[in-house]
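Examination of the molecular architecture
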Amino acid sequence: MNQMNFIPQPPPPLPAVPVTFDGERGEFFRLIGRGALLELVTLGFYRFWLATDIRRHLWVNTAVDGDAAEYTGRGKELLIGFLFAMAILVPIYLAYFIVSVEAERFKGFASVPLVIGFYAFGQFAIYRARRYRLTRTVWRGVRFWMDGSGWAYAGRAMLWALLLVLTLGLAFPWREAALERYKMQHSHYGNLQGDFEASPWELFKQIWWLWLAIPVCLVLFPLLPFIYGYFKAVEWRWWLSGLRFGGVRLQSRLRPGALYGLYWKVIGWFVLLWAVTFAYFGGVVVVAAKFGGVSMAGPKAAQALANNIPLLIMLVLGYIAVILAINVVMRMYLLRDVWARVLASVELHGIEAVANISAKGDLASALGEGFADGLDVAGF
Amino acid sequence: MGDCDMDDTEQDQSPQATGGQAIYFDGLSNRRQTVTVVLSNQLVLRSADNFVSWPYPDIRRVDAPSGTLRVSCLSASPLARLEIRDSAFAAELVARCDRIDENRLTHGAVARIIGWSLAAAASIIVMVLFVVPFAADRLTPLVPPAMERHLGEAAVVQLQAVFGNKTCDGAGGQAAFAKLVEALRVPAGLDASVGAQVLDTPIPNAFALPGGRFFLLSGLLAKANDPDEIAGVLAHELGHLKHRDNLRQVIHNGGSSFLIGLLFGDITGAGAAIFASRTIVTASYSREAEHDADSFAIEVMHKLGRPTAPMGELMFRVTGKEGDKQLSILASHPLTEDRLERMRAEDQPPSGPPLLTAEEWRALKGICK
Ligand SMILES: [Zn+2]
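Rules and cut-offs
- Residues numbered from 1 in each chain as written.
- Chains lettered and ligands numbered in written order.
- Predicted model: local features only at pLDDT ≥ 70, side-chain atom pairs only at ≥ 80, totals over all residues.
- Heavy atoms only, no water.
- Helix = DSSP H or I, 4+ residues; strand = E, 2+ residues; numbered from the N terminus.
- Buried < 20%, exposed > 50% of the residue type's maximum accessible area, 1.4 Å probe, protein only.
- Contact = heavy atoms within 4.5 Å.
- Areas by Shrake-Rupley, 256 points an atom, 1.4 Å probe, with all protein chains shown as cover.
- 1 Å grid on protein atoms, 1.4 Å probe; cavity = no way out; pocket = protein on both sides within 12 Å on 5 of 7 lines; lining within 4 Å.
- Points joined across faces, edges and corners; volume = space filled by probe spheres on them.
- Axes fitted to C-alpha atoms, helices over the stretch in contact; angles between N-to-C directions.
- Parallel < 35°, antiparallel > 145°, perpendicular 65-115°, else oblique.
- Left-handed = near helix turned anticlockwise from the far one by under 90°.
- Donors = N, O, S within 2.8 Å, 3.2 Å for Na, K, Ca; no water.
- Pairing = 2+ DSSP bridges.
- Phe/Tyr/Trp six-rings, centres within 6.5 Å; stacked < 30°, edge-to-face > 60°.
- Lys NZ or Arg CZ within 6 Å of the ring centre and 35° of its normal.
- Buried area = accessible area lost by both parts, 1.4 Å probe.
- Salt bridge = Lys/Arg side-chain N within 4 Å of Asp/Glu carboxyl O.
- Polar contact = N/O pair within 3.5 Å; in protein donor to acceptor, adjacent residues only side chain to side chain.
- Domains from an automatic or database assignment.
- Disulfide = S-S within 2.5 Å.

Now for the overall build of chain A. Counting its regular elements, chain A contains 13 helices and ten strands. With 380 residues in all, chain A has 46% of them scored as buried. The contacts in chain A between residues at least 6 apart in sequence include a share of 75% that link residues at least 24 apart. Surface exposure of chain A reaches about 19100 Å², of which carbon and sulfur atoms provide 71%.

What follows is about empty space enclosed by the protein. Residue and element names in this part refer to chain A. For the structure on display, the rule yields four cavities of 30 Å³ or more. Taken as a whole, the largest cavity holds about 900 Å³ of empty space. In terms of lining residues, the largest cavity is bounded by 29 residues, among which Leu134, Thr137, Phe144, Leu243 and Leu250 are the most central.

Attention now goes to the packing of helix α4 (residues 171-188) of chain B against helix α11 (residues 358-365) of chain B. Residue and element names in this part refer to chain B. With their axes 7 Å apart at the nearest point, α4 and α11 run at an angle of 110° to one another. Judged by the inter-axis angle, α4 sits roughly perpendicular to α11. Both α4 and α11 take part in a crossing whose hand is left-handed. On α11, the residues touching Gly172, Gly173, Ala176, Phe177, Lys179 and Leu180 of α4 are Glu360, Ala363 and Leu364.

Let us now look at the coordination of the zinc ion. All names here are of chain B. Binding of the zinc ion to the protein goes through His236 (NE2), His240 (NE2), Glu290 (OE) and Glu290 (OE), at separations of 2.0 to 2.8 Å. Read in sequence order, the donor residues for the zinc ion give the motif H-x3-H-x49-E. Linking His236 in helix α6 (residues 227-243) with Glu290 in helix α8 (residues 271-304), this pair joins segments that are 54 residues apart in sequence. Classification of His236 by relative accessible area gives buried; the value is 6%.

As a further point, take the sheet that holds strand β9 (residues 195-199) of chain B. All names here are of chain B. If you trace the four strands from one edge of the open sheet to the other, you get β8-β9-β11-β10, paired in mixed fashion. At either margin of the open sheet sits one strand with a lone partner, and together these are β8 (167-168) and β10 (206-209). Its contacts with the sheet place α4 against β8, β9 and β11 (213-217), and it is angled at close to 135° to β9.

A separate point is the packing of aromatic side chains. Here a ring pair, both rings aromatic, is described through the centre-centre distance and the interplanar angle of the planes. Residues and elements named next belong to chain A. Under the definition given, this model contains 28 aromatic pairs over all chains. When the centroid spacing of 5.3 Å and the interplanar angle of 45° are considered together, the rings of Phe48 and Phe82 count as tilted. A residue pair is termed long-range when its members are at least 10 positions apart, and Phe48 in helix α2 (residues 47-60) and Phe82 in helix α3 (residues 75-104) qualify at 34 residues. Aromatic pair Phe196 and Trp238: ring centres 5.4 Å apart, planes at 80°, arrangement edge-to-face. Here Phe196, found in strand β7 (residues 192-196), pairs with Trp238, found in helix α9 (residues 224-242); they are 42 residues apart in sequence, far enough to count as distant. Each member of the pair, Phe196 together with Trp238, is buried. Taken together, the ring pairs connect Tyr46, Phe48, Trp49 and Phe82 into an aromatic cluster. When the ring centre of Phe82 is taken as origin, the NZ or CZ atom of Arg47, which lies over that ring, is 5.0 Å away.

Bringing the interface of chain B and chain A into the picture now. At the interface, 51 residues of chain B touch 57 residues of chain A. Both sides together, the interface formed by chain B and chain A hides about 4400 Å², and carbon and sulfur atoms give 61% of it. Our enumeration of links across chain B and chain A arrives at five salt bridges. Across the pair Arg32 of chain B and Asp67 of chain A runs a salt bridge whose closest N-O atoms are separated by 2.8 Å. The tally of links between chain B and chain A comes to nine residue pairs in polar contact (both at pLDDT 80 or more).

What the domain assignment reports for chain B is domain 1 (18-96) and domain 2 (119-365). Taking the mean C-alpha position of each, domain 1 of chain B and domain 2 of chain B sit 73 Å from one another.

A separate point is the state of the cysteines. What makes a disulfide is a covalent bond joining the sulfur atoms belonging to two cysteines. Residues and elements named next belong to chain B. Scanning the entire structure with this criterion turns up one disulfide over all chains. For Cys168, the disulfide goes to Cys368, at an S-S distance of 1.9 Å. Around the S-S axis, the bridge from Cys168 to Cys368 shows a dihedral of about 95° and counts as right-handed. Placement of the pair is Cys168 in strand β8 and Cys368 in the segment after α11, with a sequence separation of 200 residues. For Cys168, a relative accessible area of 7% puts it in the buried group. There is no disulfide at Cys97, and the cysteine sulfur nearest it, in Cys73, is 9.4 Å away.

Here's what the structure looks like:
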């Protein structure tokens, strides 16, 4: 017996470690409610601080192996990134305008290359924005970081986009996998290198039929939230299960139907909000007609509406209230709840590989986030 | 190393020194260390193989899940973290660090963000209302006419897509039209590069394109009763050409749309507010240009000794009374009744010769037949 134990055995693999999210809904609600209000008061400029606060909340309540992550980015960095991006984009927009006027003269699709140029810029922005967020992510006193080139990524994204068009969208899983592989192979946690191992074929097998179902759903549009919810859930599961950091493997068990409820709740809220808003608008107009002497019939209605200042103020206040509510609803369900549900499905295998990682890597600037803001592109 | 003072000498065991357990990450590796923390005249933490002290004034709170105090130290490695889960002990540490919340976004800081944002928004509004119109006026003369013509050529391509290529060129009508345009062009101070055409479409309108071309639509011709009515409208379009209004509006609307787009950012649902502001701003600028083109037309008609009221009558015949139908703040033109009133006020009895003979007028009316 004792002789057997003499041979060194590899240590048994540790059990899978869950990822937990403990953020309180009430706390998040207060954060986004206040944030939406401040965003309106500042005519949108608070967005940099709100985005930061939301990320801080989501990160710090996300714990892996019992230790919570931390987001170290700040709103001011996003603002500076935005200003720099604007300083670069404004001359480009101007040049774009002049060149497109010159190009239109020769008719046809002369200005198409310029649109392609903006697409490339958008892809660059997506890469650099991911890099900014990753370098602001800290777990156990060590940060994530990213190298690689935003332009090299943009080049790959463009070639894949061309392939996507040529195959009428069927190349989608291969494009996703290739681009994610580039992003992940240039991502690191300390001295641990990332990778992406999900098979595009695996995704294709699960979503190929959507390619046929979407035309049907455009007619039977109440099915669209199911289709979209299914697609997002499958995509999340596939993406998460493909993530690697050294020997650490992620696995997600997200059910394909896990997000249906959230999308329907958002739709329900929208219907309710619009119903309330229209009832309110109608009520205000009726009250104004009754007590303000504004006649709502006849040809002078529009002019009378425009000249009734209290009525206009009431309408604008209603509009502001519905915008606030919509922004709170969207962030609550589509950001926080999706985050919580997706994370609850994740577990980590091979956590022993991160037992002793050395810190490495530098911070990246928020320029990419600024471009993403200026060009209206979103990426994860 | 990145750690703070590592001196062993300073270990005064003052009576109020307290201690407790904490979790420590040194910021150099992700090793999770359980350490004993002693709060003496500095924060001292000790593990089996580590000894670190953090001065209280350098300690800052960082994000932590509820129920945990997580701090960093300015003079230590930037990502070194100490986590205390015992709330009583955490409170004791917080009491000793008087600058622990210095990095926090305080109410004052939020107020400053609001203040600066409002200042930025105000400056954008000032830019849109005053600087952009000024810049459009000053930049327009600097744009080479060749480039303006390119803009016009691009517009002609779109125009042909909308109206087809149905230019009218009845021989007598064409001669009358050329005579009328020539008669107006000289007092307007425009050179001979001005090109004009009649398009065959029932829409009653006329418009100028960048680079010196303008079009009269036969629908308007059909509604006109005499040459002075058409002459006034053409003089108005010449005013647009003289002021290079198309180019000015492209510059103005591009600039103001871009600036307004900087506001509101990603607020869902704010698109309506952005759209409304853009519409109001561009409509107001357009009304101003129309007003100036009317002034120019009045001036040209005065120089020719012809009455100004007829063009107002023609426009009124086409649109009817507008005030009841639309919001004046969104209108791209001044209300027709106001324009008519102005042209009547400026009206003078004819002192110059008629611009077209009765025969030429008949030929012009029939240019598209
Ligand atoms: Zn006009």
